[in-house]
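Coordinate analysis (summary)
The lines below spell out each chain.
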Amino acid sequence: TITLQARTTVGVSATPQQTEVEIEVDDKEARTIPLSVAFTGTLSEDLYKEEAVTSLENVVVTGAKTDLDQVSRAVCRVDLSKVNDSVHEVMPILLLDAQGNEIDTALFAMDNSSATVRMEVLAKKTVPIDATLEKCFSDPQNVGRGKQIASLRFNQNEVVIVGPSEVVEKITSVNIKLLRLGGIKTSRTYTVELDLPEEVRLLTTNPIQLTVEVVDQ
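Described in the following lines is the structure provided in the data block. (Residues numbered from 1 in each chain as written. Predicted model: local features only at pLDDT ≥ 70, side-chain atom pairs only at ≥ 80, totals over all residues. Heavy atoms only, no water.)

The next point concerns the nonpolar core. F137, I176 and L210 are the most contacted members of the largest nonpolar core, which has 26 residues in total. Of the residues forming this core, the biggest block, four residues, is contributed by strand β20 (residues 208-216). Setting aside anything within four residues of it in sequence, one finds L210 in contact with C136, F137, L152, R153, F154, I176, L179, R188, T189, Y190 and V192. Counting residues in each nonpolar core, the second largest holds 25 residues, with V59, L68, L95 and F108 among its members. (Core = buried A, V, L, I, M, F, W, Y, C linked by side-chain atoms within 4.5 Å. Buried < 20%, exposed > 50% of the residue type's maximum accessible area, 1.4 Å probe, protein only. Helix = DSSP H or I, 4+ residues; strand = E, 2+ residues; numbered from the N terminus. Contact = heavy atoms within 4.5 Å.)

So, in structure tokens, the structure goes:
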């Protein structure tokens, strides 16, 4: 409790309306809070983002214990609706409570107020698998005597690929790595791999299978 006194320089008396004020003092603390990336908005359907990373793992926040108790996370916020290319940008560090509400950073001293966010963004595309006999087998005519191939069927007709936009935009379909019929006489199912450019990868995770139906001529 502090006693208040009034002073005047004009030669008249002055009496404060309140003679005492109570000041509440809180403990001062420093805490290390992990830094992560928080997202808002929605990324365009023709884009794919890799995991975002920050240049700092943690931020040290110093302030009153009561205020620090409200801090749940430290984040750099990225609006995905505005992303159309890979991100490499210095962004402010925000403090959030448990409900995700922003807390005024002016209440605290922080060892860093910003961090660099890096996030690779790739083009994404759904393309068909070429199911023609010549695109699937190196020996497309090598069928057993008296037999013929009635059909080729993939367990999934389309796959999702990601990669640099200048490469992905030129791809209209994909091929499998060539198999051998080897004089096939009965129907058979193969587990296959796609033959993709080095910079492109498959996002679809289910195994790709090709069923060859063989019938009598």
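A word on the pairing of strand β12 (residues 114-119). Bridging between strand β5 (residues 53-54) and β12 involves two bridges; their strand directions are antiparallel. Directly across from T54, in β12, lies its bridge partner V117. Bridge analysis of strand β8 (residues 87-92) against β12 gives six bridges, and the strand direction is antiparallel. Directly across from V90, in β12, lies its bridge partner T116. (Pairing = 2+ DSSP bridges.)

On to the pattern of salt bridges, then. A complete count under the given rule lists nine salt bridges for this structure. Residues R180 and D139 are paired through a salt bridge, measuring 3.7 Å at the closest nitrogen-oxygen approach. Highlighted residues: R180 in the loop between β16 (175-176) and β17 (188-192) and D139 in the loop between α2 (133-136) and β14 (147-154), separated in sequence by 41 residues. Judged by relative accessible area, D139 falls into the buried class, the value being 10%. In this structure, the salt-bridge partner of R153 is E213, at a minimum N-O distance of 3.4 Å. Within this pair, whereas R153 is found in strand β14, its partner E213 is found in strand β20, the two being separated by 60 residues in sequence. R153 gets classed as partly exposed once you look at its relative accessible area, which sits at 43%. Connected through salt bridges with shared partners, the residues E29, R31, K65 and D69 form a single ionic network. (Salt bridge = Lys/Arg side-chain N within 4 Å of Asp/Glu carboxyl O.)

Purely geometric stuff here, so don't read any function into it on its own.
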